[in-house]
Structure formats: structure tokens, C-alpha cells
Amino acid sequence: MRTIDWVDGAVELVDQTLLPDKCLMLRIHTVEELVDAIRRLAVRGAPALGVAGALGVVLADGDPARIAALRAARPTAVNLAWGVDQAAAHLSEGREAVLAAALRVRDDDIAACLAMGERGADLLEGDRLRIMTVCNTGGLAAVERGTALGVVQTLHERGRLAEVLALETRPLLQGARLTTWELARMGAPHRLIADSAGPYLLAKGEVDAVLIGADRIAANGDTANKIGSYALALGAERAGVPFVVVAPESTIDPGTPSGEHIEIEDRGADEVVAVRGVRLAPEGTRALNPAFDVTPHDLITAIVTDQRVIRP
Ligand SMILES: CSC[C@@H](O)[C@@H](O)C(=O)COP(=O)(O)O
């Protein structure tokens, strides 16, 4: 199954807001519909956003306002703007050239995730690995296979995976809803943990490596990823556990010198005071909702891309 693709003149994508209860495809014909799908996380995860951005330019029919709106639909994952730019660079050559460029972004993502899976699995030492991860970095965050969860998949295929401890990933529960769904489909052993249990389980020696994805990697290696990543990096450093970022080269942003320059999306109070429409906090409670945090490069053991291993 492909999470996102171009099918019969429209963008088709898995509506991730419905998972794990239903796995339904959305057909998207306009940039406005695509921007809405991106904002409400029907499509999400940096590599998938890159493909969405590229395919969205085909739907934009060269309209600069639509292309700008698409490019800005979410600010933190650089892949969205990168994907838009890859396709938009061919606007002067006509629609077929834009479509061909967008399909290259899709195909390159499929190849990149395979390469990251192999390289990441080669890098890790040990036969029966216990992996901790946050958010969802699987096929749902890309096209076919994922980044950090792509490494997990390769480890599992090689018979080297003991277990995955998946953080639930409040507020939107990408770990609880999506990562568990993907791991179950893979047949990979896993247990779900509350986000706050992560550093404790690292300290107890229950984890051999932490694998995370990335939304933007600054030139100095500082890495923005789902909120909760930084706490795991601190816990991993203290416990002496490798902390590995897995991301395609397109997630590296040479135009951003360091983490403090990365714009962190705040998604508003509603997602924090309620879970899937059920209010938890008293009416009127104010909340902060940073969707990402930044892990400084000195807490990162290695960054595995589709082309190399970087040791920041
Ligand atoms: C391979 S996905 C890498 C990141 O995009 C992922 O870890 C993440 O933080 C996704 O956040 P989301 O808000 O669900 O788009």
C-alpha cells in the first residue's frame, strides 16, 4: 500500500485521522483540499509531506498564490517546502514536466527509505535489539516504508528485532494510533508506553537504541522532531544508549544554521485540552502545544540518511 500517490489525475492518500479504526483513501483534486488535509494531519510525516507538496504543485496549475499556500501549510518539516520547490522548478516546462518531477520525488522517497533501512540496520550492533521510538516514522509518514520505523522493519526482516517500545505521542497520539498499527501489520513485537515512561525505561536498561525521524535538520546537526524527542535524547545520553536520527537528505536544511532558527509549529490549545474530541481539562483551560522540539547535535549519536552516516 502507498500512503500517498498520484492516481488517475488526482492525489490519493490514506486519511490518517481515521486510523487505526478505518483505513480509507482520500481523493484530492484541489490545492485547497490538500492544504486542509495537511493542516488536519490526514497526511503527515516529513517525507510524505514532501511528496504531497510536489504533487500539490500539479494541482495548482501554476497559480503562485496556491503554490505559496501549499508551501506554508505547515512550517517545521522542511520537506514540504522542498517538495513544492522540486516540482515548481519545472513550471516553465508545462504540466507534464511538473508531474514528472513530482513523481520523481515519490519514487526517490521509496528508494531513500529502503536505503535508510539497510544503512540504519547495518549501523546498529547486536542481534536482538530493543528499540524505543516516538511518533510515527513508518510507511504512513512516507510513501511505502518509513525512516526510523523503516530501520525497525529491516531489523525485523533480518531477525534482529527483539521489541519496539513505542511512545504514545500526545497530543495527537501518532505512536498509539499509527505506529502500533504499522508494527502489528509487520508482525513486529511491540509495546506501547506513555510518553513520560520513556526516560525511566532508558535508565532501567530496557532499551538498546533510540531511533527517531526528523522534520528539519539544521546545518550543524540540531534536529527538530516530534515533541518528546529531546526528553528521549537526554535520557539516552544519561543511560549511554545510542540516539540515532533517520531521515532522507531532503530533511537536511543547509539554509538553517542551527536549531534556534527552526520554526516550531504550535497547534493550539484544543489538541491538548481534549483527546479525540473528549475534553479532559476544565472548560477555558489555557494550553501550550508545541508540535516539535529540537535535539541539540551533541546529544545525537548518528544521523542516518539515504546516502551516508553523519556523526554530529
Ligand atoms: C519519517 S517522519 C519524521 C517526522 O516527520 C516525524 O517523526 C514527526 O515528527 C511527524 O510529525 P507529524 O506532526 O505527525 O507530522
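Quick caveat: nothing in here was measured; it's all calculated off a predicted structure.

Engineer: When you look at the domain arrangement of the protein chain in this model, what are you seeing that I'm missing?
Structural biologist: By convention, interface size is frequently given as the accessible area that disappears when the constituent parts associate. Each domain of the protein chain was delimited in the assignment, giving domain 1 (4–111) and domain 2 (116–310). The gap between the C-alpha centroids of domain 1 and domain 2 is 23 Å. Each partner contributes to the interface: domain 1 provides 23 residues, whereas domain 2 provides 27 residues. Elements supplying a minimum of two residues to the side of domain 1 that touches domain 2: helix H2 (46–60), helix H4 (78–88) and helix H5 (95–123). The dominant element in the side of domain 1 that touches domain 2, judged by the number of residues it contributes, is H2, at 5 residues.

Engineer: Explain the sheet that holds strand E11 (residues 252–253) here, please?
Structural biologist: Backbone hydrogen bonds are what pair the strands of a sheet, in a parallel or an antiparallel way. In space, the 4 strands of this open sheet follow the order E11-E8-E9-E14, with mixed pairing throughout. The open sheet has two free edges, formed respectively by E11 and strand E14 (292–295), since each of these has just one partner strand. For strand E9 (residues 223–226) and E14, the ladder comprises 4 bridges, and the chain directions are antiparallel. In the sheet register, Ala 224 faces E14, and the bridge partner there is Val 294. Contacting E9 and E14, helix H9 (residues 229–239) runs over the sheet at an angle of about 30° to E14.

Engineer: Could you clarify how one ought to interpret the environment of Tyr 200 in this entry?
Structural biologist: Among the structural elements, Tyr 200 can be located in helix H8 (residues 198–203). Residues Tyr 200 and Asp 127, 73 residues apart in the sequence, show an inter-C-alpha distance of 24 Å.

Engineer: Please explain the UniProt feature "binding site: substrate" (unreviewed entry) in the protein chain as it appears in this structure.
Structural biologist: The residues that UniProt annotates with the feature "binding site: substrate" (unreviewed entry) are Arg 44, Gly 45, Ala 46, Arg 74, Gln 174, Asn 225 and Lys 226. By the secondary structure assignment, Arg 44 is in the loop between helix H1 (31–39) and H2. A count of 25 C-beta atoms within 10 Å places Arg 44 in the buried class. Those residues in contact with Arg 44 that sit more than four places away from it in its chain are Gln 16, Leu 49 and Ala 141. With respect to the helices and strands, the residue Lys 226 is situated in strand E9. Not counting chain neighbours up to four residues away, the residues in contact with Lys 226 comprise Val 134, Cys 135, Thr 169 and Phe 292.

Thresholds applied
- Residues numbered from 1 in each chain as written.
- Predicted model: local features only at pLDDT ≥ 70, side-chain atom pairs only at ≥ 80, totals over all residues.
- Domains from an automatic or database assignment.
- Contact = placed C-beta atoms within 7 Å.
- Helix = DSSP H or I, 4+ residues; strand = E, 2+ residues; numbered from the N terminus.
- Pairing = 2+ DSSP bridges.
- Axes fitted to C-alpha atoms, helices over the stretch in contact; angles between N-to-C directions.
- UniProt positions renumbered as here; feature names shortened; annotations may be inferred.
- Buried ≥ 20, exposed ≤ 12 C-beta atoms within 10 Å, placed from the backbone.

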